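Each chain, letter by letter, is given below.
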Amino acid sequence: MAFVSFLIPCFVIGTDIAFSCQNTDDFVGASSPGDIVIGGLFAVHSEMLHPEEHPIKPVIQNCAGFEIQIFLQTLAMIHAIETINNSTLLSGVTLGYEIYDTCAEVTKAMASALRFLAKFNSSKDIVEFKCNYSDYVPRIKAVTGASYSEVSMAVSRLLALQLIPQVSPASSAEILSDKIRFPSFFRTIPSDFHQTRAMAHLICESGWNWIGVIAIDDDNGRFALESFGVQAMANNVCIAFKEMLPAYLSDNTFQTKVDHAIEKIVKETRVNVIVVFMRQFHVLKLFKKAVERNVNKIWIASDNWSAAVKISTIPNIRQLGTIVGFGFKSGDISTFQDFLRNLHEKPTDNNKFLHEYIMLLSVCAHLEYHDFQMCISNQSQDDLLQNVENKHQIWRDGFLNANIEPGFIHSTILAVYAIAHAIKGQCKDRNCKDPSAFTPWELLEELKKVTVIDDDKEIKFDSNGDMSTSYDVLLWKEIDGHMEITTMAEYDPEKGDFIFEDEEKKKEFLDLKKVQSTCSQHCRPGQMKKVTESPHTCCYECVYCPENHYSNQTDMDYCYRCNNKTYWAPANSTTCYRKTIHFLAWTDWFAIFLLLLSAFGVVLVLSISVIFTRNLNTPVVKASGGLTVCYIILFSHFLIFLSTVFFVDEPTEFKCKTRQALFGISFALCISCILIKSLKILLAFSFDPKLQNFLKCLYKPIPTVVTCTGIQVIICTFWLIFRTPFVKQNFSIPRAIILECNEGSIVAFGIMLGYIAALAFICFIFAFKGRKLPENYNEAKFITFGMLIYFIAWIVFIPVYATTFGKYLPAVEIIVVLISNYGILCCTFLPKCYIIIYKQETNTKSAFLKTIYTYSSKSAGSVAVSQISLDSKSSSSRATISDSCKSEKNSVNGNCHFQVPGQRLIKGEVLPKNTARTVARKRLSSI
């Protein structure tokens, strides 16, 4: 037992001596001589050990955490250089290499870069300071690497001093595309700009908008997070939380922050999608903790770990949910796989990485697959034993091939070939066996123009030094109990599209939508988002679109407004509906009713015309002014009834212009004729000499009718010329368009109606004065009633018309027109028709004379009595009839006389019968 205790420290000391940096040559991980040497920087180990002694000394320490995937990249570089040397690409010029392990540490990478800058053939690896490095020949001509962007940023700034080309197969940070800050940096992969855009595009396509992000707290992680944030915002994706983990596993707070990140994921139950920008060893730690907490989410992997086999072999990884990642597009790497199968035959003298791998195989040989991987990753250089015997017996065939990440291997080989083609361009006219044949900065200019053939496609660096290759969208699937990393789709960065090989792959992509990861429920069509107090735009309430607004897609920020003039929409609408056109149509029941009333009026007019025509020579017809006057009045009534037709059905310009003019002129003609009749009646039965003289001057039938009607014609003509009515669309009703006639000028419309009212009022006054005519011929009384009906109808019309809107507005005017027209027509003609039909015995000349005689006798006696009463009051002596006659100086042959219309003097004391009959005849003839 004591012997064993003694032996282990000896092994540890021996291992420490074997791997520690005793001199500059020990610092090189793998090397091979050549005419032109290419440097390599790879993080073969995941961390550098830190001494516990104090004070800390500036000593380059050993590393821990052997990374199989990065080790494979160093082998890919070696394989590519050996393949080129065995080909005719460089025509006898051999390439050498010096590959260094950065241990994922910027400090160690800078130490390697300093050796690259050392002068060629300098025994002491001295870096000369110069103001001009144009003729300076450094140790190497170009560099492949580094594995991580943070390391590449630091190294590139140092290499830019001598403009040594650096071609990275894995550093994807967007900032490295800046040629002002990194003039000598190139890469054979796309920028993170395309990767973060692809991720945001995937998230958006899957309907997710509430996600979490976990990144490492270094330059690469911060830049990736910033770039993704911009792309997420552009795709309306909100980041619920961001967790930053320490960049180095040796950080004392690493595990605490992992625990905090897992707690955050568990707490945010609505977040079901997590984007992870981390290195593989970080993800390994995170996922182990997530498996313990039974976290089940969708994980979106960055290119750093999307194809990591060692992560896919974590026990119970299927419990984590679905893993979707983006990996660099791979090419044909079959020759590299053959290279790996024969790797156990390669010497390890100049390849410390291979030597260490073989030692790890020996140490971990007794373990199963996943534990074997973990054993390799967890060993430090200080723990390894120098036991390299029987290496063929412990070699695991297929282990390296199973851990290949094709994208990184392909991009590494591509980087070596890009440098080789640039060297070929420089060696056309030069002897490149001489290391000083060209300088790095000249190779840099050549590299900018290089075109490499890859899978029969020409690819080259763009102006930013990037190769815009596509991405493979990777899906981790459980097949036969093992997690397999499969290619689900291809993402084209230039077009921004996902390309699927077949429908099955597309279905796998669409199945991702089944998982919900949103802050709020999706707003359905007909709804819109209403922002809540949350600072995130993805957190909102869904509210219905208000009336006359609509939304036809999900999750709309606002509702579209319908064109209020022609369209409408109810609340919560997904579309706008065309407004229905409303007008008083022929088929409307109310329009039919009004038209039937108009038709009945026309029938009534025609019936009266027939009755009057058949009774042309009767006293009633003659007393009505004769057939001509009756026909004119009846024709005007017919036109008024006819004008109502123009108020029905769809308005047109012709209808709008015709209906008011036709009604106004017809009504003016009708009232003018009735006015003449009123004047004639009043003139025939007036016993006042002064009034009779006035009426005689006024009574000129034809000029009066023409003048009164002509004035209305002039009014309507001016109206139609200067402010003509037109068809108007009324949008005041929310869901309908009312087609109506705009009168053009309310003033002109009022003047037209006011003029008719003025004629009707004059007619009313004259008819009112003659209301006490004989009962069998009391036309003035009925004319008075007709005018009263007219006034009442139109007085009511004004407020009703002003407050009514909609398609029944024309019906209001039709009703008033019908009421006034029926009132005047019935009052003017129906009493006469009644006498003609039912009182034929009174419609004779003798009966008429008798009625007139009786009325005249009473009227004459009334006049005499009135005269005597007046004279008795004016006389100072005893009043007698003779004195009265004397005072009036109208005595003829001792009798008193008085004047009556149609006869100069009538004896007044006792009116003879023959005189009364004469008066009656004269009244009848004047009527």
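Higher on the page you've got the structure.
Residues numbered from 1 in each chain as written. Predicted model: local features only at pLDDT ≥ 70, side-chain atom pairs only at ≥ 80, totals over all residues. Heavy atoms only, no water.

**Examining helix α19 (residues 589–614)**
Look at α19: 37 Å from first C-alpha to last across 26 residues, which is about the 38 Å you get at 1.5 Å a residue. Every buried residue of α19 is accounted for by F590, A591, L594, L595, S598, G601, V602, L604, V605, I608, S609 and F612. With a side-chain oxygen lying 2.9 Å from the backbone nitrogen of F590, the N-terminal cap of α19 falls on D588. (Helix = DSSP H or I, 4+ residues; strand = E, 2+ residues; numbered from the N terminus. Expected span 1.5 Å × (residues − 1). Buried < 20%, exposed > 50% of the residue type's maximum accessible area, 1.4 Å probe, protein only. Polar contact = N/O pair within 3.5 Å; in protein donor to acceptor, adjacent residues only side chain to side chain.)

**So, empty space enclosed by the protein**
If a probe the size of a water molecule is rolled over the atoms, the empty space left behind becomes visible. Considering all chains together, one arrives at 7 cavities of 30 Å³ or more under this definition. Taken as a whole, the second largest cavity holds about 160 Å³ of empty space. Forming the boundary of the second largest cavity are 19 residues, of which P651, R659, E740, C741 and P810 lie nearest the centre. If you list the elements that add at least two residues to the lining of the second largest cavity, you get α22 (653–684), β27 (736–742) and α27 (809–838). Classifying every residue of the lining of the second largest cavity gives 12 nonpolar, 1 polar and 6 charged. (1 Å grid on protein atoms, 1.4 Å probe; cavity = no way out; pocket = protein on both sides within 12 Å on 5 of 7 lines; lining within 4 Å. Points joined across faces, edges and corners; volume = space filled by probe spheres on them. Nonpolar A, V, L, I, M, F, W, Y, C, P; charged D, E, K, R; others polar.)

**Section: the sheet that holds strand β5 (residues 95–101)**
The 6 strands are arranged β1-β5-β2-β6-β7-β8 in an open sheet whose pairing can be described as mixed. The open sheet has two edge strands, β1 (30–32) and β8 (185–187), and neither has a second partner. Ignoring which end each strand starts from, the neighbouring axes of this sheet average 20° apart. Alignment of β1 against β5, held across 3 bridges, turns out to be antiparallel. Residue pairing for β5: S32 is matched across the bridge by Y97. Its contacts with the sheet put helix α5 (residues 149–159) on β2 (36–42), β6 (142–145), β7 (166–168) and β8, and the angle it makes with β7 is roughly 165°. (Pairing = 2+ DSSP bridges. Axes fitted to C-alpha atoms, helices over the stretch in contact; angles between N-to-C directions. Contact = heavy atoms within 4.5 Å.)

**Quick look at the side chain of Q426**
Mapped onto the elements of the fold, Q426 is located in helix α16 (residues 406–426). The exposure class assigned to Q426 is buried, which follows from its relative accessible area of 9%. A distance of 3.3 Å separates the side chain of Q426 from the backbone oxygen of E442, its partner in a polar contact.

**Digging into the state of the cysteines**
All chains considered together, the criterion is met by 9 disulfides. The side chain of C364 participates in a disulfide bridge whose partner is C375; the two sulfur atoms lie 1.8 Å from each other. Judged by the torsion about the S-S bond (-70°), the C364/C375 disulfide is left-handed. Here C375 lies in helix α13 (residues 369–378) and C364 lies in the loop between α12 (352–363) and α13, a separation of 11 residues in the sequence. The disulfide bridge from C562 ends at C576, spanning 1.8 Å between sulfur atoms. Between C562 and C576, the S-S torsion sits near -90°, and that sign places the bridge as left-handed. You can see C562 sitting in the loop between β22 (560–561) and β23 (567–568) and its partner C576 sitting in the loop between β23 and β24 (577–578), a full 14 residues away along the chain. The burial state of C562 is the same as that of C576; both residues are buried. Free of any disulfide, C673 has its nearest neighbouring cysteine sulfur in C670, separated by 7.2 Å. For C673, a relative accessible area of 5% corresponds to the buried category. Here C763 stays free of any disulfide, with the sulfur of C670 as its closest cysteine sulfur at 8.8 Å. (Disulfide = S-S within 2.5 Å.)

**Focus: the nonpolar core**
Residues F287, W299, W305, I311, F336, Y357 and L400 are the most contacted members of the largest nonpolar core, which totals 126 residues. The element best represented in this core is helix α3 (residues 68–85), accounting for 11 residues. Leave out the neighbours within four places in its chain, and Y357 touches F66, I68, F71, W395, F399 and L400. C630, C670, I715 and F829 belong to the second largest nonpolar core, which has 71 residues in total. (Core = buried A, V, L, I, M, F, W, Y, C linked by side-chain atoms within 4.5 Å.)

**Remarks on the side chain of R659**
For R659, the position within the fold is in helix α22. Judged by relative accessible area, R659 falls into the buried class, the value being 5%.

**What about the sheet that holds strand β10 (residues 238–246)?**
The strands that make up a sheet pair up through hydrogen bonds in the backbone, lying either parallel or antiparallel. Ordered in space as β10-β9-β11-β12-β13-β16-β17-β18, the 8 strands form an open sheet in which the pairing is mixed. The sheet is open, and its two edges are formed by β10 and β18 (497–499), each paired on a single side. Direction aside, neighbouring strands of the sheet carry axes that sit 25° apart on average. As paired strands, strand β17 (residues 482–492) and β18 are joined by 3 bridges and run antiparallel to one another. The residue bridging Y491 from the neighbouring strand is F498, located in β18. Across the sheet, helix α8 (residues 254–267) touches β9 (210–217), β10, β11 (273–277) and β12 (297–301), and the angle it forms with β10 is around 165°.

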